[in-house]
Amino acid sequence: MKKKVLVVDDFENTRWIVQQILQKEEELEVLSAANGKEALQHFESTHIDLLVTDLNMPEMDGIELVKAVRAKDRYKFIPIIMLTTERNPEKKQKALDIKVTTWIQKPFEQGQFRKIIRKALRLK
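Read on for an overview of the structure. (Residues numbered from 1 in each chain as written. Predicted model: local features only at pLDDT ≥ 70, side-chain atom pairs only at ≥ 80, totals over all residues. Heavy atoms only, no water.)

1. Considerations on the overall build of the chain
- Helix and strand content of the chain: five helices and five strands.
- In the chain, the succession of α and β elements from N to C terminus is β-α-β-α-β-α-β-α-β-α.
- In summary, the chain has a C-alpha radius of gyration of 13 Å against a globular reference of 14 Å for 124 residues, a match within 12%.
- Its C-alpha atoms give the chain principal-axis dimensions of roughly 35 × 30 × 25 Å.
- Buried residues in the chain amount to 47% of all 124 residues.
- Counted over contacts in the chain with a minimum sequence separation of 6, partners at least 24 positions apart contribute 64%.
- Accessible surface, the chain: about 7100 Å² in total, of which carbon and sulfur atoms supply 49%.
- Across the chain, the 23 positively charged side chains and the 19 negatively charged ones have centroids separated by 6 Å. (Helix = DSSP H or I, 4+ residues; strand = E, 2+ residues; numbered from the N terminus. Rg over C-alpha atoms; globule rule 2.2 N^0.38 Å. Buried < 20%, exposed > 50% of the residue type's maximum accessible area, 1.4 Å probe, protein only. Contact = heavy atoms within 4.5 Å. Areas by Shrake-Rupley, 256 points an atom, 1.4 Å probe, with all protein chains shown as cover. Lys, Arg positive; Asp, Glu negative; His and termini not counted. Charge placed at Lys NZ, Arg CZ, Asp CG, Glu CD.)

And the structure:
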């Protein structure tokens, strides 16, 4: 059974790029959402194995999304990757304080990104 990865970013191009990278991994099924509110609908309708989210988004930002996901018993321990252009160390610390698994700055190196995804999902 494939692992489901939800990619959340308000910038359509970023969602597309991340999807293209992750679809190279045969074990993954990639879903996407344009903001936190849209992302939460996925958590209600299917089981998500990994969340990759931007920080700065309209409607519901990455911090609010992570808090909402972590509040669900089923997702208390889901791996969450914050993929963002944000460079503010205080915002990074805030994300880590709410148990974001890791923080990746855009732009990122594709090979390293795929390794992080595989490790987060415990894939060989």
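2. Overview of the pattern of salt bridges
- For the structure on display, the rule yields eight salt bridges.
- The closest approach of N and O atoms between Glu25 and Arg114, which form a salt bridge, is 2.7 Å. With Glu25 in the loop between α1 (12–22) and β2 (28–33) and Arg114 in helix α5 (residues 110–120), this residue pair connects regions lying 89 residues apart in the sequence.
- Glu25 sits in the buried class, given a relative accessible area of 7%.
- Within this structure, Glu25, Glu27, Arg114 and Arg118 form a network of salt bridges that share partners. (Salt bridge = Lys/Arg side-chain N within 4 Å of Asp/Glu carboxyl O.)

3. What to know about unusual backbone geometry
- Cis geometry marks the peptide bond from Lys106 to Pro107; its omega dihedral reads -5°.
- Note on placement: Pro107 falls in the loop between β5 (102–105) and α5.
- Within the chain, Glu59 stands out as a residue other than glycine whose phi angle is a positive 75°.
- In this structure Glu59 comes out as exposed when scored by relative accessible area, which is 57%.
- Its identity is not glycine, yet Lys99 carries a phi of approximately 75°, on the positive side.
- As for its position among the elements, Lys99 is in the loop between α4 (89–97) and β5.

Fair warning: the whole summary comes from geometry, so function is off the table for now.
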